[in-house]
There are 4 protein chains.
Amino acid sequence: MRGSKNIKVENVLKTPVEDQSIELVERKGIGHPDSIADGIAESISRELCKRYKERFETILHHNTDETQIVAGSSSPEIDGGGEVLDPIYILLAGRATVKFQDEVFPANKIALKTARDYFRDKFNHLEPDGEIIIDSRLGETSTELKGVYDRDVPASNDTSFGVGFAPFSETERLVYETERLIYGLRDEIPAIGEDIKVMGLREDNDISLTIACATVSSELNSIDEYVNVTNEIKERVRDLAAKEIEKEVEVAINQADDIENGNIYLTVTGTSAEMGDDGSVGRGNRSNGLITPNRPMSMEAASGKNPVTHIGKIYNLLSNEIARDVVEEIDEVKEVYVRLLSQIGEPIDDPRCASIQIIPEEETHMNTITDDAEAIVDNWLDNINKIPEMAMAGELTTF
Amino acid sequence: MRGSKNIKVENVLKTPVEDQSIELVERKGIGHPDSIADGIAESISRELCKRYKERFETILHHNTDETQIVAGSSSPEIDGGGEVLDPIYILLAGRATVKFQDEVFPANKIALKTARDYFRDKFNHLEPDGEIIIDSRLGETSTELKGVYDRDVPASNDTSFGVGFAPFSETERLVYETERLIYGLRDEIPAIGEDIKVMGLREDNDISLTIACATVSSELNSIDEYVNVTNEIKERVRDLAAKEIEKEVEVAINQADDIENGNIYLTVTGTSAEMGDDGSVGRGNRSNGLITPNRPMSMEAASGKNPVTHIGKIYNLLSNEIARDVVEEIDEVKEVYVRLLSQIGEPIDDPRCASIQIIPEEETHMNTITDDAEAIVDNWLDNINKIPEMAMAGELTTF
Amino acid sequence: MRGSKNIKVENVLKTPVEDQSIELVERKGIGHPDSIADGIAESISRELCKRYKERFETILHHNTDETQIVAGSSSPEIDGGGEVLDPIYILLAGRATVKFQDEVFPANKIALKTARDYFRDKFNHLEPDGEIIIDSRLGETSTELKGVYDRDVPASNDTSFGVGFAPFSETERLVYETERLIYGLRDEIPAIGEDIKVMGLREDNDISLTIACATVSSELNSIDEYVNVTNEIKERVRDLAAKEIEKEVEVAINQADDIENGNIYLTVTGTSAEMGDDGSVGRGNRSNGLITPNRPMSMEAASGKNPVTHIGKIYNLLSNEIARDVVEEIDEVKEVYVRLLSQIGEPIDDPRCASIQIIPEEETHMNTITDDAEAIVDNWLDNINKIPEMAMAGELTTF
Amino acid sequence: MRGSKNIKVENVLKTPVEDQSIELVERKGIGHPDSIADGIAESISRELCKRYKERFETILHHNTDETQIVAGSSSPEIDGGGEVLDPIYILLAGRATVKFQDEVFPANKIALKTARDYFRDKFNHLEPDGEIIIDSRLGETSTELKGVYDRDVPASNDTSFGVGFAPFSETERLVYETERLIYGLRDEIPAIGEDIKVMGLREDNDISLTIACATVSSELNSIDEYVNVTNEIKERVRDLAAKEIEKEVEVAINQADDIENGNIYLTVTGTSAEMGDDGSVGRGNRSNGLITPNRPMSMEAASGKNPVTHIGKIYNLLSNEIARDVVEEIDEVKEVYVRLLSQIGEPIDDPRCASIQIIPEEETHMNTITDDAEAIVDNWLDNINKIPEMAMAGELTTF
């Protein structure tokens, strides 16, 4: 163990989230325009990392965290399908190294291809050839020195911070899993689109889930079929809730529908980006997959950031890992909040401050907790290079 | 006073921010790429509101909250100025009504002109004619019915929430005012650029401010002058801190500088968007002007949203107003956290839940507080239409 | 036969091209950036015609004749291939009907997909996923009336003209066939790219062909191989010339090469659009496939124009057909020049003027020629609707 | 005088244009979309030349000849003006040197500013801030060697040719001057727009001019005013014709108008680019300002080409100069056609072939003509560097 890393573990006085009377949680699913932006940004960064490594045995500077999705227009029809009239426009921005030690590297080509493949991979009905435009204004940089990226421990590129917490509350878990469940039903129920937004509200012991789930016009022949599909989704979500949670759970889906008049949440492609809804990196889920106004959050857009030197991304991912380990490994911890603050120019394993706020289980002394928690933080900082590796391998989500 | 609006005032058990040992606060100034995006988006929405009103006596549907800033490239030189080589590219997205009851409305023209004027207004050195490209992919909609916008109280367009708190802690106030101070010094010290980022860290009683302040190459003849400018800024910030706060305040500026080797934070235009730093609406300051990971935050990008029906914007602005009134009008309140949750399709003055969490001054009973707080919330909901008016008039900030 | 169609057949005093001492002819092949623009534009128009017909039983208004190709950048290497660093950017412009009698039509989607397929179809090495960006700013129109397009004979949409001539001179034929030959060799000699430009100069009886032929880096392992390939091409072209022509033909290829220093015409994709050479519709070949400064030419960009009502396209295609028939069917005609001038608003089969200039074979009387030529013109005007049909079927080239 | 420059002067057998029974001539005025593209392209090249010279004492490589104009949409109204709804989109392409001997040069900035100024300069009603978008995808190159551009006589960059003729026929002169006249009337008659297209047809001794002249909605209060304006224009053109020409001249204006139903050629900005008409460099007038299908033409797009090394531009401009001098200085020449063919890599004053075809006045011997013509060509080739200078100074038009 190295010397002090400015780790500060403290007992914090706070009503645990589960004991607060109101709780709000949101998850924007894979096909939500903001998540599409996140997903493209992160998949490009991963692919660049992989290709830089293959070619130069090191990861070179890049940040592809500025994808912008501009909505198209469409005319879905329950009977016949309808059309995408204006394609979804996707602007890739950010920057990447295209020249290293006199060798060139086709970052733009990789970015464009990866983005196109991302759509093929994640969407069942969207047709990339005609329904999206992928444009690129990726900035280009060149690097002479391998050094920065080859130090054992890189230096912080910014004064930035990460925040994390654990564990998920029941409502948080339920919101997260609800989206995952519905997305996973697409093979079984092909009318389910990829754009699924789940909002959870807990008032004391009552949880209500409000789901907005796009449906796919070409897979539906009538309003009745649509109603069946949404009912089936509700049923499945209720089953999930019943299995996981003891509280009352109310499920509502596509509340803006007006079935009588045939106004339903219908799309041609499965995402509302086809008509009117734009999206940006970093405006949706935090890196734990949720938006949680009850919890400390970072505004950092982790998706697409370089996982080797971008301290904002690393500290956000790391904070979540530390928080999870603390609750998993120390029984007496009820909730933990982690905040890591970097100092620009200093090694990333030596934060300006590593604040660990703990809400212990009742009737517990902080004494033992403090040491154990410090050890977990210390160990993670010693192994901070695992974070980039896990990010590249796709083992850490960013949205 | 109307009937119940689901207002829930509760005493919450929480260490007040001032009593927590660690506090983190950030503000991205006017010239930061994310703030430029916010500023353009919001100024376009304001101008559209004004022009819709003049023309149609009502505000029509629009959301211009998806501006993307793609960085240019530049070569600032301390001696001679240097050049912007690739212009900053600005993509306007979102959508606006261009046709109403058979009359057309030039939303795109207004958006483009407003964005260009915004640069003229806020930047002293950037030359809009050659140093920026403003492109537009603003979606267009048409409306037949005046109705939606003419009801006394519009219906929520989404299930969304707003969060607010009051009062600002000392650190929060200091971070906010530091940026405002430096931006205001530009006439006196013309080498100061508009891109000013302030990060505040409080560890118990020690506050440290880390300032990143762009300087303008054409106003500097030597490294010495640069050092003088940054020293002068530090001096002014220290004066401000001394006047406002009793705690120890340490001020650091442009920490990545390497004066010896001439590596300093120098720009041609005053913003880092000229070289490498992209920006997006909603990734920077929350609508209170700060990023505060210690506080509940909404991910809502308020800038550019339509202030009449976009419930996410309205509730975020309203939450801040309510919180401020609660602490100003009720002496016994130490801190207040406000959360408003809408229900899609219902009147916006009838939220699904209005949660008011109060940390009272020590030795205070909640009894009187609760009623007073409820009255404040109730009154604001009765007058919710003041929010759009204040937003249009520029009386409410969104970033 | 209808009444007078303002057909004017005249004997013109002119040195026949073959008898002039200097003749210049050029052909830009399929992979030349200007031809790529033409090819995309025309293939989109054809596909739209086909799809409009299938859907509405009539062809709706469109003009997709404004494709712009913006060059990328690349680093081809003789040994290993090299990379496309900046993709080729293709902007689709023009306009198309997206709404007809309350039904929508996905013109943009069809345009994007057709353009992408065009690259897959015509290029052997270019990878559309990563090496091109296809953007669209296709304007959208709607039509209520089927009428305009359903009249037996549409009205001219403009005051415009077409010009044609026949027959090709020897040099013209040779230039045309040389490009076709080399393009056709790509399977046999995979190092041959698609960007082939042929310039022919005849000085009295000496013809010299100057060929610029892109080669493909991934198919070449050494400069020697490159030299072999270019020699092989020269050989084949000489064989072609010997077979077709009795004159002396000198063949030069890639004259800017500096073999000693390894500066050769090498590309990654087969087209110079990958590095530095932009292209536009209508700047290359005329609709007979050649650029012939010795001959009357129209500036009309036929590619991508609507073949039903765009009089400039129709009259250019028709002029060539008429000219060909005149020389094929009337033995005494040595050369013929056809000019058709429309009058806006009048039926397209009733031109303002149809001028037929004839250079008869020596010792021939114009008497019989005149009547026969008039009959040919008259017959074509009576059957002018064959032109759109032939254009749609791909039986008429536009570049 | 240097040695042979491959100058070939010959008597050509050809019916002089004035003696042919049919003649077609067209001019697209300053505000026609194709001419806008030409004008921007050429003004950027001129400005770059000037600025390169100021900075580096030499002109560096650039070609800005690929501007694309994508039409907007508008709703002009005779009474009130109407609006530009979608701005005109202008894409600057081509390439320019941004780095020379370690110094950077802001080519993009200059291009953007020049294009914006061009609109301010040439248009009276178009508002650049809101009614146009100027985007740039100008490629960037760097140069180490000053050499190429500093040789006394540069080498040809391509195998290319230029063509020219003189003198203008009566119809040609009239078409040209008609556009110039109307454009010049804008101050006196502010309802005249900049988009003026003139088509001239001569049938034996009858000339008919067909004018399409955009009018400006905000300057017209009624259809009657419109009719007065177009009548006034016709009157002025008739006066011009009467002064210059003895033949019968018929003048028609805006033939597609349907006055009864209020369908007239009305615009908000003065150019049809505001609604539906795209434009490209090189698709309009040849460098003599006309489109003349009766004459030899080059397809070369001269506008925006680098005037120092781009042989296609230089030879086209030079051909026109030579042709004019030949007819002006040699009385016995009735018509002259000039064609210059370059050979890549060879000095530009040593063309592969300089063909001078002369139609002498009747009863004239070629003997003296030949020598005089040769001397003129020879002298121009010796002073070929005057061409770039004249182009930069704006003394030579390119469209």
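Residues numbered from 1 in each chain as written. Chains lettered and ligands numbered in written order. Predicted model: local features only at pLDDT ≥ 70, side-chain atom pairs only at ≥ 80, totals over all residues. Heavy atoms only, no water.

### A word on the interface of chain A and chain B
Right, so step 1: At the interface, 63 residues of chain A touch 63 residues of chain B.
Right, so step 2: For the pair chain A and chain B, the summed buried surface comes to about 5300 Å²; carbon and sulfur atoms form 56% of the total.
Right, so step 3: The interface formed by chain A and chain B includes seven salt bridges.
Right, so step 4: Between the two partners, chain A and chain B, sit 26 residue pairs in polar contact (both at pLDDT 80 or more).
Right, so step 5: Residue classes in the side of chain A that touches chain B are distributed as 23 nonpolar, 19 polar and 21 charged. (Contact = heavy atoms within 4.5 Å. Buried area = accessible area lost by both parts, 1.4 Å probe. Salt bridge = Lys/Arg side-chain N within 4 Å of Asp/Glu carboxyl O. Polar contact = N/O pair within 3.5 Å; in protein donor to acceptor, adjacent residues only side chain to side chain. Nonpolar A, V, L, I, M, F, W, Y, C, P; charged D, E, K, R; others polar.)

### A closer look at the environment of Gln343(A)
Residue and element names in this part refer to chain A.
Right, so step 1: Topologically, Gln-343 is positioned in the loop between strand S18 (333-341) and strand S19 (353-360).
Right, so step 2: A C-alpha to C-alpha distance of 20 Å links Gln-343 and Glu-374, two positions 31 residues apart in sequence.
Right, so step 3: When residues no more than four places from it in sequence are discounted, the contact partners of Gln-343 are Ser-156, Asp-158, Asp-350, Pro-351 and Arg-352. (Helix = DSSP H or I, 4+ residues; strand = E, 2+ residues; numbered from the N terminus.)

### Side note on the sheet that holds strand S1 (residues 7-11) of chain C
All names here are of chain C.
Right, so step 1: Strands sit in the order S1-S19-S18-S12 across an open sheet of four strands; the sheet is mixed. Single-partner strands in this sheet number two, and they are S1 and strand S12 (161-166). Looking at each pair of strands side by side, their axes are set apart by 15° on average, direction ignored.
Right, so step 2: Here eight bridges tie strand S18 (residues 333-341) to strand S19 (residues 353-360), and the two strands are oriented antiparallel to one another. Among the inter-strand pairings, Val-333 is bridged to a residue of S19, identified as Pro-360.
Right, so step 3: Strands in contact with helix H7 (residues 311-329) are S12, S18 and S19; relative to S12, the strand with the most contacts, it is inclined by about 25°.
Right, so step 4: Contacting S1, S18 and S19, helix H8 (residues 366-382) crosses the sheet at an angle of about 150° to S1. (Pairing = 2+ DSSP bridges. Axes fitted to C-alpha atoms, helices over the stretch in contact; angles between N-to-C directions.)

### A word on the relation of the copies chain A and chain B
Right, so step 1: Once chain A has been moved 0.0 Å along the axis and rotated by 180°, it coincides with chain B to within an RMSD of 0.0 Å. In symmetry terms, the pair is related by a two-fold rotation axis. Taking the C-alpha atom as reference, chain A places Lys14(A) closest to the rotation axis, 2.1 Å from it.
Right, so step 2: Counting the interface residues of chain A, we find that 100% of their copies in chain B are interface residues as well, pointing to one common contact surface. (Least-squares fit on C-alpha atoms with pLDDT ≥ 70 in both.)

### What about the nonpolar core?
Soluble globular proteins tend to bury their nonpolar side chains together.
Right, so step 1: In terms of nonpolar packing, the biggest core is built from 138 residues, with Ile40(A) and Ile40(B) touching the most fellow members.
Right, so step 2: With residues near it in sequence (within four places) discarded, Ile40(A) still touches Thr67(A), Ile69(A), Ile90(A), Leu92(A), Ala115(A), Tyr118(A) and Phe119(A). (Core = buried A, V, L, I, M, F, W, Y, C linked by side-chain atoms within 4.5 Å. Buried < 20%, exposed > 50% of the residue type's maximum accessible area, 1.4 Å probe, protein only.)

### Re the pattern of salt bridges
Right, so step 1: A complete count under the given rule lists 142 salt bridges over all chains for this structure.
Right, so step 2: The salt bridge involving Asp117(A) is made with Lys113(A); its shortest N-O contact spans 2.9 Å. Note that Asp117(A) and Lys113(A) are positioned in helix H2 (residues 107-122) at a spacing of four residues, about one turn of the helix.
Right, so step 3: The class for Asp117(A) is partly exposed, based on a relative accessible area of 29%.
Right, so step 4: A relative accessible area of 33% means that Lys113(A) is categorised as partly exposed.
Right, so step 5: Measuring nitrogen to oxygen at the nearest pair gives 2.8 Å for the salt bridge that ties Glu172(D) to Arg295(D). Taken together, the positions of Glu172(D) in helix H5 (residues 170-184) and Arg295(D) in the loop between strand S17 (279-280) and helix H7 (311-329) put the pair 123 residues apart, joining distant regions of the chain. The exposure classification of Glu172(D) matches that of Arg295(D), with both residues buried.
Right, so step 6: Residues joined by salt bridges that share partners form a network here, namely Asp65(A), Glu66(A), Glu300(A), Lys305(A) and Arg283(B).

### Concerning the sheet that holds strand S1 (residues 7-11) of chain B
Residue and element names in this part refer to chain B.
Right, so step 1: Taken in spatial order, the four strands make up an open sheet running S1-S19-S18-S12, and their pairing is mixed. In the strand order of this sheet, the two ends are held by S1 and strand S12 (161-166), each with one partner. Taken pair by pair, the neighbouring strands of this sheet meet at an average axis angle of 15°, ignoring direction.
Right, so step 2: With five bridges joining them, S1 and strand S19 (residues 353-360) adopt parallel strand pairing. Its bridge partner lying in S19, Ile-7 is registered against Ala-354.
Right, so step 3: Taken strand by strand, helix H7 (residues 311-329) contacts S12, strand S18 (333-341) and S19, and its axis lies near 25° from that of S12.

### Examining the pairing of strand S14 (residues 206-216) of chain B
Residues and elements named next belong to chain B.
Right, so step 1: The buried count for S14 comes to nine of eleven residues, which makes it a mostly enclosed element.
Right, so step 2: Between the end of strand S13 (residues 192-203) and the start of S14, which pair antiparallel, lie two residues, with Asp-204 showing a positive phi angle near 50°.
Right, so step 3: Across six bridges, S14 lies against strand S15 (residues 248-253) in parallel orientation. Each residue of the ladder has a partner; that of Ile-211, found in S15, is Ile-253.
Right, so step 4: Looking at chain direction, S14 and strand S16 (residues 266-267) are connected through two bridges and run parallel. In the strand pairing of S16, Val-216 is matched with Thr-267.

### As for the packing of helix H1 (residues 33-56) of chain D against helix H2 (residues 107-122) of chain D
A pair of packed helices is captured by two measures, namely the crossing angle of their axes and the spacing between those axes.
Residues and elements named next belong to chain D.
Right, so step 1: One way to put it is that H1 packs onto H2 with a least axis distance of 9 Å and a crossing angle of 130°. Taken together, the axes of H1 and H2 are oblique relative to one another. In the packing of H1 onto H2, the handedness of the crossing is right-handed. Of the residues in H2, those touching H1 at Ser-35, Ile-36, Gly-39, Ile-40, Ser-43, Ile-44, Glu-47, Leu-48, Arg-51 and Tyr-52 are Ala-107, Ile-110, Ala-111, Thr-114, Ala-115, Tyr-118 and Phe-119.
Right, so step 2: Residue composition of the contact of H1 with H2, by class: eleven nonpolar, four polar and two charged. (Parallel < 35°, antiparallel > 145°, perpendicular 65-115°, else oblique. Left-handed = near helix turned anticlockwise from the far one by under 90°.)

### Concerning H7(B)
Right, so step 1: Relative to the 27 Å expected for 19 residues at 1.5 Å per residue, H7(B) spans 26 Å between its end C-alpha atoms, a close match to the ideal helical length.
Right, so step 2: Taken across its 19 residues, H7(B) has 16 buried, putting it largely inside the fold. (Expected span 1.5 Å × (residues − 1).)

### Section: unusual backbone geometry
Right, so step 1: Backbone torsion omega between Ala166(A) and Pro167(A) reads -10°, so that peptide bond is classified as cis.
Right, so step 2: Mapped onto the elements, Pro167(A) comes out in the loop between strand S12 (161-166) and helix H5 (170-184).
Right, so step 3: Despite not being glycine, Gln101(B) has its phi angle at roughly 45°, a positive value.
Right, so step 4: Relative to the assigned elements, Gln101(B) resides in the loop between strand S8 (95-100) and strand S9 (103-104).

### Section: the packing of H5(D) against helix H6 (residues 223-244) of chain D
All names here are of chain D.
Right, so step 1: Across the interface, H5 lies against H6 with an axial gap of 10 Å and an inter-helix angle of 140°. Relative to H6, the element H5 lies oblique. Note that H5 runs across H6; the crossing there is right-handed. Of H6, the residues touching H5 (which contributes Arg-173, Leu-174, Glu-177, Thr-178, Leu-181 and Ile-182) are Ile-233, Arg-236, Val-237, Leu-240, Ala-241 and Glu-244.
Right, so step 2: Of the residues that constitute the contact of H5 with H6, the class distribution is seven nonpolar, one polar and four charged.

### Quick notes on helix H1 (residues 33-56) of chain C
Residue and element names in this part refer to chain C.
Right, so step 1: Helix length check: H1, at 24 residues, gives a terminal C-alpha distance of 34 Å against a target of 34 Å (1.5 Å per residue), a fit within 8%.
Right, so step 2: In terms of burial, H1 is a largely internal element, 17 of the 24 residues being buried.
Right, so step 3: Looking one or two places after H1, you find Glu-57, whose phi comes out positive at around 60°.

Purely geometric numbers; function is a separate question.
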